[in-house]
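Listed below, chain by chain, are the residues.
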Protein chains: 4
Amino acid sequence: MSGNTFGKIFKITTFGESHGRAIGVIIDGVPAQLDFDLDFIQSELDRRKPGQSKMTTARSEADKIEVMSGVFENKTTGTSLAMMIFNQDQHSKDYSNIASTYRSGHADFTYDMKYGFRDYRGGGRSSGRETAARVAAGAVAKLILRQYGVNITAGAVSIGNVCGEIIDLSAPEKNVVRAFDPNMADEMEREVASAASCGDSVGGVVACFADGVPSGLGEPVFDKLDALLAHAMLSLGSVKGIEFGNGFEASRLRGSENNDRFIADGKLETNRCGGVLGGISTGSRIEFKVAVKPTPSVSIEQQTIDKNLQECTLKINGRHDPCIVPRIVPVVEAMTAIVLCDLLLCARSSRMK
Amino acid sequence: MSGNTFGKIFKITTFGESHGRAIGVIIDGVPAQLDFDLDFIQSELDRRKPGQSKMTTARSEADKIEVMSGVFENKTTGTSLAMMIFNQDQHSKDYSNIASTYRSGHADFTYDMKYGFRDYRGGGRSSGRETAARVAAGAVAKLILRQYGVNITAGAVSIGNVCGEIIDLSAPEKNVVRAFDPNMADEMEREVASAASCGDSVGGVVACFADGVPSGLGEPVFDKLDALLAHAMLSLGSVKGIEFGNGFEASRLRGSENNDRFIADGKLETNRCGGVLGGISTGSRIEFKVAVKPTPSVSIEQQTIDKNLQECTLKINGRHDPCIVPRIVPVVEAMTAIVLCDLLLCARSSRMK
Amino acid sequence: MSGNTFGKIFKITTFGESHGRAIGVIIDGVPAQLDFDLDFIQSELDRRKPGQSKMTTARSEADKIEVMSGVFENKTTGTSLAMMIFNQDQHSKDYSNIASTYRSGHADFTYDMKYGFRDYRGGGRSSGRETAARVAAGAVAKLILRQYGVNITAGAVSIGNVCGEIIDLSAPEKNVVRAFDPNMADEMEREVASAASCGDSVGGVVACFADGVPSGLGEPVFDKLDALLAHAMLSLGSVKGIEFGNGFEASRLRGSENNDRFIADGKLETNRCGGVLGGISTGSRIEFKVAVKPTPSVSIEQQTIDKNLQECTLKINGRHDPCIVPRIVPVVEAMTAIVLCDLLLCARSSRMK
Amino acid sequence: MSGNTFGKIFKITTFGESHGRAIGVIIDGVPAQLDFDLDFIQSELDRRKPGQSKMTTARSEADKIEVMSGVFENKTTGTSLAMMIFNQDQHSKDYSNIASTYRSGHADFTYDMKYGFRDYRGGGRSSGRETAARVAAGAVAKLILRQYGVNITAGAVSIGNVCGEIIDLSAPEKNVVRAFDPNMADEMEREVASAASCGDSVGGVVACFADGVPSGLGEPVFDKLDALLAHAMLSLGSVKGIEFGNGFEASRLRGSENNDRFIADGKLETNRCGGVLGGISTGSRIEFKVAVKPTPSVSIEQQTIDKNLQECTLKINGRHDPCIVPRIVPVVEAMTAIVLCDLLLCARSSRMK
């Protein structure tokens, strides 16, 4: 069964393996006459690409996006928009150890169980590299959302055990860990460096905010705004949890404490609900947090099993992100943009007029 | 745009308002020749229905399920299976106050923003009552999963500020709060009673376990097992967050600590990942937790706004669940069953043979 | 795999067996605030119901439609709209002969091959009775289309070997065979009577016209307007073919003869294309014809096989339509309305503005 | 709304314009471990490509297929399979006349009405060139069907006014018009030449046969085998009609004449139904015919209108197929293969065991 498509009207279908020939996306459902901004799309990919800092893997990929269809005279045509990134360091590695051995925390074992074999080169389809296609699609969604005044910002609120505050929405692009708290960015960076120095890795928590979202987005019963965002976020391999507004904290409050009070003009005095009531946007800021696990690829030798399910040891060589958080930030934004853009288009048929 | 359908092969479409004529579900994609067990389906609905204990609303609904199609000679026919529950106390109430006033924490405001008006009787389509249709569908999914040896159990791990342990999977059906920890059940019950006595409400955390799930379920990239479960759970109006395995805790661990070690026979020594790697089941137990917010309907007088967006006060009369946790437990199980059943059927086309 | 759903935004899901408890439909995606006209819906069902004339089966079903959800204060709410018809003569018949014998031209054999058994009562799910649910859904679609000025009319152009002309779009509702040609209606009626008198049946050709359809409907590449209409029509059990505009005749013309010339104001001088170019409506009348096979249930004794694949004879008793054409006319209209309504809603997201 | 995806489990999504950078397809849902045969796929594309004979346009495109993902060690991986063809004569032409003028019989006008503008280079997305992506996907479907013993053959039964018989299923690959009747192939060829010599074009009728299709394929109610094939065929721009088995002829027969008699072993004595009863395959040959219109691009000067809806004359220069029938034959086969392959995979979840 197919699982490489996401969205209902703004519908993306992605393809590509980490070390295959190319990765890419077809977006079906882009409205015609959107001003296409390839530079912006490339800039979003640059925010995700490897090798931006010592926080990230040194794999050298330019991640240059190329448009195959759907754009004419610099406007979208309304037909399927295809974009691709050709992989550069395609055939360069020796994968003999991971070909026959299951890496802990990766999809090697489960892919073999599911399909009977797998493309083991760099994780194949299960590699985080597939998220580049999401970022490209998300950038197109952002171009559309911009016309509606919707703005999306994600950033780190914690790295390992170092927590920050949500101080400045513009901060994440100004520090290498992409933290909202400029005061804690250095300490977060040290947390990563400390793990990296032992060949280990750390995770973190990413918050995402969407401002300017009109009220009325989200489709009851199953396609609630928060349900679709949760779907989108948990489809990222390294995300292990999500919470909206005050999230798990809400479970400890009383109803009278947790309820956000409506005030004049249909605003809410507080936003514990995270901008969603009954699965539909309130018109306030959409807010959620996701838990990002530490990269499972650590260079410390680990006990594991091989293809014959016999125990063995594995030492993963090569360069891996000691912390994926900074690079997942634009991916979280992209998936948020895809969900919101889809729901904006869905909302066009909510009423007779 | 339509949002009342969930699932790809085992596909459910639900309908019905809280105080409309009936609620129900069509399940399309039930394989033929499943032994149909109406008593079991009814027993699942009985676990969800109101009036089971003082924990729950006293609304008196028998929630008697009736089969309209898709079953012949006590077996499923392979065609669309329709089930309905006729509402009993349909026209009995006076809704004049909530017709023109927005209840805090409810979908009243957002439905009006989306659709221009709403069925205000008991929340209409946004009422938790719609989950009865999910439980009916989930019971059919459980009948299928049973044939594969899959067993699903949910229960409370905390109620308000009272936390318990996961002590006994059979415990939830033996105490009124449906806690896994029999030692804490009484204290949890007192937590609810304490809130109820002030006209207030409490939330909690529900854990869910699926045992016997074969490895290989889940569809990369977007329809990962955990992504679909997150979608399913966040489509419940009172759920504000979800985490798989150690969830948010993972964000604070190092990779070497968080990785689960593969051991002989393809087992995992630990299950921090919650039974899912790369979005595909490992063959170990599927584990996740959801945050349930306190019921927003409290009988304490609240400040809010009316349809004209003018401030006013609202006093919600009538009987509401002071804690929805015990009743959401079978709903969480049902949605889990629907996801797993769908993925089991999807997996039938994963390989050529 | 599920096949009981049709449409993308205006999405219908139907259920029900010929002699089960009820048949019905959930329409998901009806825009909010449509004025709901139950009398009109009932009148459409009355056009399809059995027993209208000697042309049709004498099965006595009132086909009274009942609304279960999705309508409030006589307007659609935007949430799933469920409608049902309870079957009346549910348990009345003796099916022992068709339970174990395969009727020629019916789905008895193929259902058994597919599902291993079948609900044999009156054809179960494969009965033409399921089309009542389509007519109900189509009536809602017509209510929407009316707001856009779209009008759909179907009628017979031939019955057996008797052909008529397209003389008067209002004629079909004025003669029992629902012919467009009032001058040939009597002869068509005699054609049916002649077959009926021998216990035999006849088919015919139905034409359908949609006027007022704006240009721009239809979604390239796969969801072309004509592709969706063909899907819709061939999903009717008795339809064996479809042609748009001059259809098969086009295959015998030269390009210069077949092309319709554009004239001032974007009109077409002729309409050989049937109102569709490149799968998108031109703004001219949509025109197509469908071939309806003679009802396979004839009371003449037939050779066939039984469940054990042994040859036997079968004499079908009871009252069957000697010609289904008059009753399929409202069904053809209904499916056309569903397709056009869906595409009208789809078109709302074709462009940025 | 998106319309570039077709299929439920074996799901194809295509992209690309006639004179854009590339055209291609992502197939999601290919089962893992299919032996991938790129040469076969290329050979199918070669059957469709332009320039094979004087029957077809001289546009010189090698149509070399390239695999981007989804294949590893010459087997399908189970993840999305992407294939592309880079366009060669991309920027070569002068389109000034068709940029501002609407070609008769083409989608120029309707695309402008729908999207507000269009990629006019060679028809852009509405060009028949998009069918190359379908042929590539269909070839993969054929590889799967081969494993099940299903074989699909299409060919011409008439060209313009010249009709042939279904004499030899292997004949079509042996004559330039791809006729089933070797005795009429020369006359058909002359029919094309005669039209071409006047700058005109001819259409024809194509028949398609699928042998070896097991009984039980097709999903009631809406996704009947014939409904899906009709959808698939009418999604081809030049197809104006379809009929199954005896098709429109059935409308003139009596029921007793039209019914196919079941005989021992579940065979049918005749196959007037075209291999489908109640939308489900009988196990006999699937048979249908499609009407192909004459290519609208004729070099005769035509009256038409321009972008301002003013009348003007248009003379289309360049090389166009005087008859598209020979090249549509592999496309008809491809779409048939895609439908049957999808339904074969769907059938895997029809029953509990």
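Everything below is about the structure printed above this text.
Throughout what follows, the structure given in this document is the object of discussion. (Residues numbered from 1 in each chain as written. Chains lettered and ligands numbered in written order. Predicted model: local features only at pLDDT ≥ 70, side-chain atom pairs only at ≥ 80, totals over all residues. Heavy atoms only, no water.)

Attention shifts here to the overall build of chain A. Per the secondary structure count, chain A includes 8 helices and 18 strands. In summary, chain A has a C-alpha radius of gyration of 21 Å against a globular reference of 20 Å for 353 residues, a match within 12%. With respect to the principal axes defined by its C-alpha atoms, chain A has extents near 65 × 50 × 35 Å. Every one of the 353 residues in chain A was classed for burial, and the buried ones make up 69%. Within chain A, residue pairs in contact and separated by at least 24 positions form 70% of the contacts whose partners lie at least 6 positions apart. Accessible surface for chain A amounts to roughly 10400 Å². Of this, 47% is attributable to carbon and sulfur atoms. Here chain A contributes 40 positive and 43 negative side-chain charges, whose respective centroids are spaced 3 Å apart. (Helix = DSSP H or I, 4+ residues; strand = E, 2+ residues; numbered from the N terminus. Rg over C-alpha atoms; globule rule 2.2 N^0.38 Å. Buried < 20%, exposed > 50% of the residue type's maximum accessible area, 1.4 Å probe, protein only. Contact = heavy atoms within 4.5 Å. Areas by Shrake-Rupley, 256 points an atom, 1.4 Å probe, with all protein chains shown as cover. Lys, Arg positive; Asp, Glu negative; His and termini not counted. Charge placed at Lys NZ, Arg CZ, Asp CG, Glu CD.)

For the pair chain A and chain C, the best superposition has an RMSD of 0.0 Å and corresponds to a rotation of 180 degrees with a translation of 0.0 Å parallel to the axis. The superposition of one copy onto the other is thereby described by a two-fold rotation axis. Relative to the rotation axis, the C-alpha of Arg348 of chain A is the closest in chain A, positioned 3.1 Å from it. Interface overlap between copies: 100% of the residues of chain A at the interface are likewise at the interface in chain C, consistent with a symmetric, same-surface contact. (Least-squares fit on C-alpha atoms with pLDDT ≥ 70 in both.)

All right, on to the relation of the copies chain C and chain D then. Two chain copies here: they are related by a rotation about an axis and a translation along the same axis. Overlaying chain C on chain D yields an RMSD of 0.0 Å, the required transformation being a rotation through 180 degrees with an accompanying axial translation of 0.0 Å. When the interface residues of chain C are mapped onto chain D, 100% of them again fall at the interface, so both copies present the same face.

All names here are of chain D. Following both chains from N to C, one finds helix H1 (residues 38–48) and helix H8 (residues 325–346) inclined at 140 degrees, their axes separated by 7 Å at the closest point. Between H1 and H8, the crossing angle belongs to the class labelled oblique. Contacts between H1 and H8 involve Glu44, Arg47 and Arg48 from the former and Arg327, Val329, Pro330, Val331 and Glu333 from the latter. The class makeup of the residues in the contact of H1 with H8 is 3 nonpolar, no polar and 5 charged. (Axes fitted to C-alpha atoms, helices over the stretch in contact; angles between N-to-C directions. Parallel < 35°, antiparallel > 145°, perpendicular 65-115°, else oblique. Nonpolar A, V, L, I, M, F, W, Y, C, P; charged D, E, K, R; others polar.)

So, about the pattern of salt bridges. Counted according to the given criterion, the structure contains 88 salt bridges over all chains. Residue Asp119 of chain B pairs with Arg121 of chain B through a salt bridge whose shortest N-O separation is 2.7 Å. Its relative accessible area of 7% is what places Asp119 of chain B among the buried residues. When its relative accessible area of 14% is taken as the criterion, Arg121 of chain B is described as buried. Between Glu173 of chain D and Arg47 of chain D there is a salt bridge whose closest N-O contact spans 2.8 Å. Residue Glu173 of chain D is found in the loop between strand E9 (162–163) and helix H5 (185–197), and its partner Arg47 of chain D is found in helix H1; the two are separated by 126 residues along the sequence. Look at the salt bridges and you will find they share partners, linking Glu44, Arg47, Lys142, Glu173, Arg178 and Glu333 of chain A into a network. (Salt bridge = Lys/Arg side-chain N within 4 Å of Asp/Glu carboxyl O.)

Across the contact, 108 residues belong to chain C and 108 residues belong to chain D. Across the chain C/chain D interface, buried area totals approximately 8600 Å², and carbon plus sulfur atoms make up 57% of it. Seen at the junction of chain C and chain D, the total is 2 salt bridges. Glu219 of chain C is the partner of Lys114 of chain D in a salt bridge, and the nearest nitrogen-oxygen pair spans 3.1 Å. Counting across the interface, chain C meets chain D through 54 residue pairs in polar contact (both at pLDDT 80 or more). By residue class, the composition of the side of chain C that touches chain D is 45 nonpolar, 39 polar and 24 charged. Where strand E11 (residues 239–244) of chain C and strand E11 (residues 239–244) of chain D come together, 3 bridges link them in antiparallel fashion. Along E11 of chain D, the bridge assignment pairs Gly241 of chain C with Glu243 of chain D. (Buried area = accessible area lost by both parts, 1.4 Å probe. Polar contact = N/O pair within 3.5 Å; in protein donor to acceptor, adjacent residues only side chain to side chain. Pairing = 2+ DSSP bridges.)

The next point concerns the nonpolar core. Of all hydrophobic cores here, the largest spans 343 residues; its most connected members are Phe10 of chain A, Phe10 of chain B, Phe10 of chain C together with Phe10 of chain D. Residues contacting Phe10 of chain C, with those up to four places away along its chain left out, are Ile27, Asp28, Gly29, Val30, Ala137, Val140, Ala141, Ile144, Ile338, Cys341, Asp342 and Leu345 of chain C. (Core = buried A, V, L, I, M, F, W, Y, C linked by side-chain atoms within 4.5 Å.)

Right, let's talk about the sheet that holds strand E4 (residues 66–69) of chain A for a bit. All names here are of chain A. Pairing within the open sheet is antiparallel, and its 5 strands lie in the order E1-E2-E3-E7-E4. Looking at which strands have only one partner, the edges of the open sheet turn out to be strand E1 (5–6) and E4. Direction of pairing for strand E3 (residues 22–28) relative to strand E7 (residues 81–86): antiparallel, over a ladder of 6 bridges. Paired with Ile26 across the two strands is Ala82, which belongs to E7.

Counting buried residues in helix H3 (residues 108–115) of chain B gives 7 out of 8 residues, a clear majority hidden from the surface. Buried within H3 of chain B we find Asp108, Phe109, Thr110, Tyr111, Asp112, Lys114 and Tyr115 of chain B. Residues of H3 of chain B that are buried make contact with strand E12 (262–263), strand E14 (276–277) and strand E15 (280–281) of chain A. Count one or two residues on from H3 of chain B and you reach Gly116 of chain B, which has phi positive near 90 degrees.

Here the focus is the interface of chain A and chain C. On the chain C side, the residues contacting the 14 residues of chain A number 14 residues. Between chain A and chain C lies a buried interface of about 1500 Å² when both sides are counted; carbon and sulfur atoms form 59% of it. Where chain A packs against chain C, one counts 0 salt bridges. Taken together, chain A and chain C are joined by 9 residue pairs in polar contact (both at pLDDT 80 or more). In terms of residue class, the side of chain A that touches chain C is made up of 8 nonpolar, 4 polar and 2 charged.

Before going further, it helps to examine the environment of Leu81 of chain C. Residues and elements named next belong to chain C. Tracing the chain through its elements places Leu81 in strand E7 (residues 81–86). For the pair formed by Leu81 and Ser69, sequence separation is 12 residues and the distance between their alpha carbons is 5.2 Å. With near-sequence residues (within four places) excluded, Leu81 lies in contact with Val25, Ile26, Ile27, Val30, Phe36, Ser69, Gly70, Val71, Thr76 and Val140.

A few words now on the sheet that holds strand E8 (residues 151–159) of chain B. Think of a sheet as strands paired side by side through backbone hydrogen bonds, with each pair either parallel or antiparallel. What the 10 strands build is an open sheet, ordered E9(A)-E8(A)-E10(A)-E16(A)-E11(A)-E11(B)-E16(B)-E10(B)-E8(B)-E9(B); its pairing is antiparallel. Each edge of the sheet is formed by a strand with only one pairing partner; in this case those strands are strand E9 (162–163) of chain A together with strand E9 (162–163) of chain B. Two strands pair when backbone bridges link them, and E8 of chain B and strand E10 (residues 204–211) of chain B are joined in this way by 8 bridges, in the antiparallel orientation. Residue Ile159 of chain B lies in a different strand from E10 of chain B, and its bridge partner there is Gly204 of chain B. Running at roughly 145 degrees to strand E8 (residues 151–159) of chain A, helix H8 (residues 325–346) of chain A makes contact with E8, strand E10 (204–211), strand E11 (239–244) and strand E16 (286–292) of chain A of the sheet.

Turning our eyes to something else, we now look at the side chain of Asp306 of chain A. Residue and element names in this part refer to chain A. Structurally, the position occupied by Asp306 is in the loop between strand E17 (302–305) and strand E18 (311–314). Buried Asp306, no salt bridge; nearest opposite-charge side chain is Lys307, N-O distance 9.2 Å. In this structure Asp306 touches Ser100, Thr101, Tyr102 and Cys312, once residues within four positions along its chain are discounted.

What follows is about unusual backbone geometry. It is generally the case that most residues other than glycine have a negative phi and that most peptide bonds are trans. Omega for the bond connecting Pro220 of chain B with Val221 of chain B falls within 30 degrees of zero, at 5 degrees, which places this linkage in the cis form. Looking at the secondary structure, you find Val221 of chain B in the loop between E10 and helix H6 (225–234). Residue Asn74 of chain B is not a glycine yet carries a positive backbone phi of 65 degrees. One can find Asn74 of chain B in the loop between strand E5 (71–72) and strand E6 (75–76). Positive phi outside glycine occurs at Glu73 of chain D, with the angle close to 50 degrees. Checked against the element boundaries, Glu73 of chain D lands in the loop between strand E5 (71–72) and strand E6 (75–76). For Glu73 of chain D, a relative accessible area of 54% corresponds to the exposed category.

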